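Tertiary structure, described
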Amino acid sequence: MKWPADIISGQNLFLKLAIFITGLVSGLESSLRQLLSQLILFLLFLFLEPSLFTSLYKAVRRILPFLAGYWVFAQIFGQAFPDSVFFSLQIVYLLLISVYVMGRLKPELVAGDSVSLRRLGFIQATFFFAMATSLYLKSFFSCYARLQKENSDASLLSLVSQVLQDVSAETERIRERVNDVLSAGPCSSADRHLANICGVVFLTFLVLLHSL
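Let me sum up the structure you'll find in this document. (Residues numbered from 1 in each chain as written. Predicted model: local features only at pLDDT ≥ 70, side-chain atom pairs only at ≥ 80, totals over all residues. Heavy atoms only, no water.)

This brings us to the environment of W71. Checked against the element boundaries, W71 lands in helix α3 (residues 52-76). Separated by 67 residues in the primary sequence, W71 and K138 place their C-alpha atoms 32 Å from one another. Setting aside chain neighbours within four positions, we find W71 in contact with F81, S84, V85 and S88. (Helix = DSSP H or I, 4+ residues; strand = E, 2+ residues; numbered from the N terminus. Contact = heavy atoms within 4.5 Å.)

In a regular helix each residue adds 1.5 Å, so 22 residues correspond to 32 Å; helix α4 (residues 81-102) covers 31 Å between its end C-alpha atoms and thus fits that length. Along α4, the residues classified as buried are S84, S88, L89, Q90, I91, Y93, L95, L96, I97, V99, Y100 and V101. (Expected span 1.5 Å × (residues − 1). Buried < 20%, exposed > 50% of the residue type's maximum accessible area, 1.4 Å probe, protein only.)

This brings us to a nonpolar patch on the surface. Judged by side-chain polarity, V72, F73, I76 and F77 come together as a nonpolar surface patch covering roughly 480 Å² of accessible area. Secondary-structure assignment places I76 in helix α3. (Patch = residues over 30% accessible without salt bridge, like charges linked within 9 Å, V, L, I, M, F, W, Y side chains within 5 Å. Areas by Shrake-Rupley, 256 points an atom, 1.4 Å probe, with all protein chains shown as cover. Salt bridge = Lys/Arg side-chain N within 4 Å of Asp/Glu carboxyl O.)

For α3, which comprises 25 residues, the first-to-last C-alpha distance of 36 Å matches the rise-based estimate of 36 Å (1.5 Å per residue) to within 8%. I63 marks the point of greatest bend in α3, at about 40 degrees, and the proline P65 comes within the next four residues. Those residues of α3 that fall on the buried side of the exposure criterion are L52, L56, A59, L67, Y70 and A74. The secondary structure elements touched by the buried residues of α3 are α2 (32-46) and α4. At the C-terminal side of α3, G78 shows a positive phi close to 70 degrees. (Bend = angle between axes of the 7 residues up to and from the residue.)

Here is the structure:
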């Protein structure tokens, strides 16, 4: 059987939620040794889907200013060095959890896994709002980057005004896209079964490491 390219990102939504909650709780209650062991576990499993390291790299770049600021204040207020290191590792651990669970998240799989849950009207509405908002934001930033490149001398106000007009014109397309995604049925394949087995194995190791 061919090794799935989405061995992690293709895992079931509820399995990922179980991993996220378990990882979050265990990370907050771990000793330094346990935390390091769990960090290594996450990194090893990410090698099963190397493309996730791109998401990890982007996440680390975004968090670096916060960590730099934290270390400055830690030095100013005389926080103990081991405590600062432990807190920084917890932040990195949280990033790893987030990348594992949300990196390369596929809307169609999320919609398919949540079919039964979305029979409740308010949950369906929440999914619709979240997906539509995500698409609007992506459209906004891509339009802004494109217009800024084409009109480098334009004022910020005029750029934002044009971007809002362009994004507003895509409302119908975004609505159709969200409806198409939410109408997707459950997705079951050999690749997904293998991905879910991988997720169960990972969750088992995570619990075992935390208990050591």
